[in-house]
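# Coordinate analysis (summary)
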Amino acid sequence: MRVPRRTVRLRLTLLYGGLFLISGAGLLGVTYFLVQHAVAASFPPALDLSHDLYPEIDPEAPGSMLQALSIVTREAVARQNVEVMRQLLTSSGVALALMSAISIVLGWIVAGRILRRLRTIAATTRDISATNLHRRLALDGPADELKELGDTIDGLLCRLEDAFQSQRQFVGNASHELRTPLNRQRVLGQVALSDPEATVASLRAAHERILIAGAQQERLIEALLTLSRGQAGIEVLNPFDVAALTHEILDSRRAEAASRGLEIRSSIAAATAAGHRPLAERLVANLVDNALRHNTADGWVEVSTESAAGRAVLTVANSGPVVPPDVVERLYQPFQRLGAARTGEGLGLGLSIVQAVALAHGAAVTTVARPQGGLVITITFPR
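Quick notes on the rules
- Residues numbered from 1 in each chain as written.
- Predicted model: local features only at pLDDT ≥ 70, side-chain atom pairs only at ≥ 80, totals over all residues.
- Heavy atoms only, no water.
- Pairing = 2+ DSSP bridges.
- Helix = DSSP H or I, 4+ residues; strand = E, 2+ residues; numbered from the N terminus.
- Axes fitted to C-alpha atoms, helices over the stretch in contact; angles between N-to-C directions.
- Contact = heavy atoms within 4.5 Å.
- Patch = residues over 30% accessible without salt bridge, like charges linked within 9 Å, V, L, I, M, F, W, Y side chains within 5 Å.
- Areas by Shrake-Rupley, 256 points an atom, 1.4 Å probe, with all protein chains shown as cover.
- Salt bridge = Lys/Arg side-chain N within 4 Å of Asp/Glu carboxyl O.
- Phe/Tyr/Trp six-rings, centres within 6.5 Å; stacked < 30°, edge-to-face > 60°.
- Buried < 20%, exposed > 50% of the residue type's maximum accessible area, 1.4 Å probe, protein only.
- 1 Å grid on protein atoms, 1.4 Å probe; cavity = no way out; pocket = protein on both sides within 12 Å on 5 of 7 lines; lining within 4 Å.
- Points joined across faces, edges and corners; volume = space filled by probe spheres on them.
- Nonpolar A, V, L, I, M, F, W, Y, C, P; charged D, E, K, R; others polar.
- Left-handed = near helix turned anticlockwise from the far one by under 90°.

### Thoughts on the sheet that holds strand 2 (residues 263-268)
- In spatial order, the strands read 2-4-5-7-6; together these five strands make up an open sheet with mixed pairing. At either end of the open sheet lies a strand with only one pairing partner, and these are strand 2 and strand 6 (364-369). This sheet shows a mean twist of 10° between the axes of neighbouring strands, independent of strand direction.
- Across six bridges, strand 6 lies against strand 7 (residues 375-380) in antiparallel orientation. Residue pairing for strand 7: Val365 is matched across the bridge by Ile379.
- The sheet contacts of helix 7 (residues 277-293) involve strand 4 (300-308), strand 5 (311-318) and strand 7, and relative to strand 5 the element is tilted by about 20°.

Right, here's the structure in full:
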């Protein structure tokens, strides 16, 4: 014998029926007690055979007619009351059983109507896949818990659609960025091999250019791995000194800043955060590198660390070309560069890695475009 599946509708029906049965039994019990009490209170009293009321009757005489009549009357009324209470109990039990059955049927119908929208949610969600994430439940009806659930799922589907779209765009951009150095390597190799008058010097030069293209591929792959690792999150949080880490990065970039004619200003104060130090190091390095590469002649880069309300705060500001405020958020998307000034160097992943590592640490990223040019980027780590 197959046991019926314990669906929510079945459980709700049994719950409705059980609650009705318990409440009905309690109500009938109280009614039975009150009726029994009322009947007992209306029971006829024994006849008063006192000598004052009936001097002609001897109350001590056991066989008197009035005494016999009193006993017979009381016994008849008692039997009648017992029969009435028995019929009341039987009728109440039958009525309770009948109404319990009706309540189960009505509970099944009501539960089905309540869960109808839930079945719609389940069926529609089951039909939605990666190829039709644009579909929405769009539930109508009153603003109850089921409507809230449907709206929540619609919001989730919207975020999933955006994530899938970003992933497709990222894969396409990554394929394009990787294909460029590969094509360059192949062309350089073909040109060197097809030259009938190739010399050792020309072949060496061709191989040096091939090695440069390979190094570009390595940097891109390393950046992609760092981005992926940052997006995966951090399992173990360890304390690290943001000030010391920033000081090391700045020392390693001063020579590059001098070669570019840029001034580095620093205000390093004690600041401690918790997380993954190598990833945090990549975050700081990318911010400083971004500020150095996207700058103007005789510009500057200003880096500061501090502890505010128990939170480590890192700020990197720089001079540079004017960045429209409406495109600031776009700079954090992979392979996004702003204008011709930003296409000469870099992979277009620096700020994407910054955002991914910051989110992995639970840090907030604030970016403000300076009216005079350049950006002010602030990373606020959690307590």
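Next comes the rest of the account.
### Remarks on the environment of Val84
- Turning to its location among the elements, Val84 is positioned in helix 2 (residues 65-114).
- For the pair Val84 and Gln36, spaced 48 residues apart in sequence, the C-alpha to C-alpha distance is 9.7 Å.

### Remarks on a nonpolar patch on the surface
- Together, Leu98, Met99, Ile102, Val105, Leu106, Trp108 and Ile109 give the surface a local cluster of nonpolar side chains, amounting to about 640 Å² of exposed area.
- Within the element layout of this structure, Ile102 appears in helix 2.

### Thoughts on the packing of aromatic side chains
- Evaluation of the coordinates by the stated rule reveals one aromatic pair.
- Ring centres of Phe240 and Phe381 lie 6.2 Å apart, and the angle between their planes is 85°; this geometry places the pair in the edge-to-face category. Pair noted here: Phe240 is in strand 1 (residues 238-241) and Phe381 is in the segment after strand 7, with a separation of 141 residues, a long-range link. Across this residue pair, the class does not change: Phe240 and Phe381 are buried.

### Observations regarding the pattern of salt bridges
- By the definition in use, this model includes nine salt bridges.
- Note that Glu263 is salt-bridged to Arg265, the shortest N-O span being 3.7 Å.
- The structure contains a network of salt bridges with shared partners spanning Glu248, Arg277 and Glu281.

### With respect to empty space enclosed by the protein
- Tallied over the full model, the rule gives two cavities of 30 Å³ or more.
- Volume-wise, the largest cavity comes out at about 40 Å³.
- Lining the largest cavity, in full, are Leu287, Asn290, Ala291, Val316, Ala317, Asn318, Leu375, Val376 and Ile377.
- Among the elements of the structure, helix 7, strand 5 and strand 7 are those that each provide at least two residues to the lining of the largest cavity.
- Taken together, the residues that form the lining of the largest cavity break down as seven nonpolar, two polar and no charged.

### A look at the packing of helix 6 (residues 242-259) against helix 7
- For the pair helix 6 and helix 7, the least separation of the axes is 10 Å and the interaxial angle reads 35°. Two packed elements cross with a definite hand, and for helix 6 against helix 7 that hand is right-handed. Contacts from Leu245, Thr246, Glu248, Ile249, Leu250, Arg253, Glu256 and Ala257 of helix 6 reach helix 7 at Arg277, Ala280, Glu281, Val284, Ala285, Val288, Asp289 and Leu292.
- Class assignment for the residues of the contact of helix 6 with helix 7 results in nine nonpolar, one polar and six charged.

### Quick word on the pairing of strand 5
- With seven of eight residues buried, strand 5 is to be regarded as a mostly interior element.
- One ladder, built from eight bridges, connects strand 4 with strand 5; its direction is antiparallel. Within the sheet, the bridge partner assigned to Ala308 lies in strand 5 and is Arg311.
- Here strand 4 folds back onto strand 5, and the loop between the two strands holds two residues, one of which, Ala309, carries a positive phi near 55°.
- Relative to strand 7, strand 5 runs antiparallel, the two sharing five bridges. Counterpart to Leu314 in the pairing with strand 7 is Ile379.

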